[in-house]
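Structure at a glance
Below, each chain spelled out in residue letters.
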Amino acid sequence: DLVSFKSKFGASLSSGRTFFLHRDPLAGMLKIGLDWTYIDLNYTTYKEPILEEDVDGNWIEDEVKVHAAEAGMHIGPSITVFPVNRLAVKAYFRYAPSYSAMYDTYNEEFSSGFGSYFVSGISANYGGIGLGIEQRWGSAKHRTLTTDLEDDDFGGASEQKEKFHLKGPRIFVAFSF
């Protein structure tokens, strides 16, 4: 079962470092490394308009609003080029296992599960500040535990499973310390 939304707003906070596999740059300016982003926090709001039929048979427009959050880490190879003093240009590919959670305000449902994502991108840093763009894609398998009080006097519980696919770019500002 595939569910798809378009994002309206998102923010993230990441921290990590690169472990270079050799001390001296190859050809005087190229270093190969292993990137480890040890904390990656993401928040996104999704809004989708929907049409509903009211009790009188009239169609009214409503809105589904979903809040999504993820916490995880990334690991993967990178190549960094140092063309001139203090300028570093990096290309990378990372695997990003994450805990993923969503809250649907329309249905008042909370779901969560494991997310398996991939991230690739490029960044350019000059001294301690940089700009970058990356593409993130993957999926998360969420479980929603619902309680149905109409099933019996004590209430019945059921579990729903959904698979969410994520794909999208992220433009970021980086600060290196």
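Up top is the structure these notes are about.
The rules behind the values
- Residues numbered from 1 in each chain as written.
- Predicted model: local features only at pLDDT ≥ 70, side-chain atom pairs only at ≥ 80, totals over all residues.
- Heavy atoms only, no water.
- Helix = DSSP H or I, 4+ residues; strand = E, 2+ residues; numbered from the N terminus.
- Buried < 20%, exposed > 50% of the residue type's maximum accessible area, 1.4 Å probe, protein only.
- Contact = heavy atoms within 4.5 Å.
- Areas by Shrake-Rupley, 256 points an atom, 1.4 Å probe, with all protein chains shown as cover.
- Lys, Arg positive; Asp, Glu negative; His and termini not counted.
- Salt bridge = Lys/Arg side-chain N within 4 Å of Asp/Glu carboxyl O.
- Polar contact = N/O pair within 3.5 Å; in protein donor to acceptor, adjacent residues only side chain to side chain.
- Phe/Tyr/Trp six-rings, centres within 6.5 Å; stacked < 30°, edge-to-face > 60°.
- Lys NZ or Arg CZ within 6 Å of the ring centre and 35° of its normal.
- Core = buried A, V, L, I, M, F, W, Y, C linked by side-chain atoms within 4.5 Å.

We now examine the overall build of the protein chain. Counting its regular elements, the protein chain contains zero helices and eight strands. In the protein chain, the order of α-helices and β-strands from amino to carboxyl end is β-β-β-β-β-β-β-β. Every one of the 177 residues in the protein chain was classed for burial, and the buried ones make up 30%. Long-range contacts, defined here as pairs at least 24 residues apart, represent 58% of the contacts in the protein chain between residues at least 6 apart. Roughly 11800 Å² of accessible area belongs to the protein chain as shown, and the carbon and sulfur atoms make up 59% of that amount.

Now for the side chain of Lys-31. Tracing the backbone shows Lys-31 in strand S3 (residues 30–53). Put simply, Lys-31 is tucked away with no salt bridge, and the nearest opposite charge, on Asp-24, sits 6.9 Å away. Polar contacts involving the side chain of Lys-31 include one to the main-chain carbonyl oxygen of Arg-23, which spans 3.2 Å.

This part covers unusual backbone geometry. We note that Ala-27 has phi near 55°; this positive angle belongs to a residue other than glycine. The residue Ala-27 is located in the loop between strand S2 (7–20) and S3 in this model. Since its relative accessible area comes to 81%, Ala-27 is described here as exposed. Located in the positive-phi region is Arg-86, a residue other than glycine, with phi close to 75°. Here Arg-86 shows up in the loop between strand S4 (59–81) and strand S5 (87–104). The exposed category is assigned to Arg-86, whose relative accessible area is 52%.

Okay, the packing of aromatic side chains next. Summed over the entire model, instances satisfying the criterion amount to seven aromatic pairs. Three or more aromatic residues joined by ring pairs make a cluster, and in this case those are Phe-93, Tyr-95, Phe-118 and Trp-137. Above the plane of the ring of Tyr-92 lies Arg-94, whose end atom (NZ or CZ) is 3.9 Å from the centre. The ring of Tyr-117 has Arg-136 sitting right over it, with the charged end atom 4.7 Å from the ring centre.

Within the largest apolar cluster, six residues are counted, these being Tyr-46, Val-64, Val-66, Ala-68, Met-102 and Phe-164. The contact partners of Met-102, leaving out residues within four places of it in the chain, are Tyr-46, Val-66, His-67, Ala-68, Glu-109, Phe-110, Ser-111, His-142 and Phe-164. Within the second largest apolar cluster, five residues are counted, among which are Ala-96, Tyr-117, Val-119 and Ala-140.

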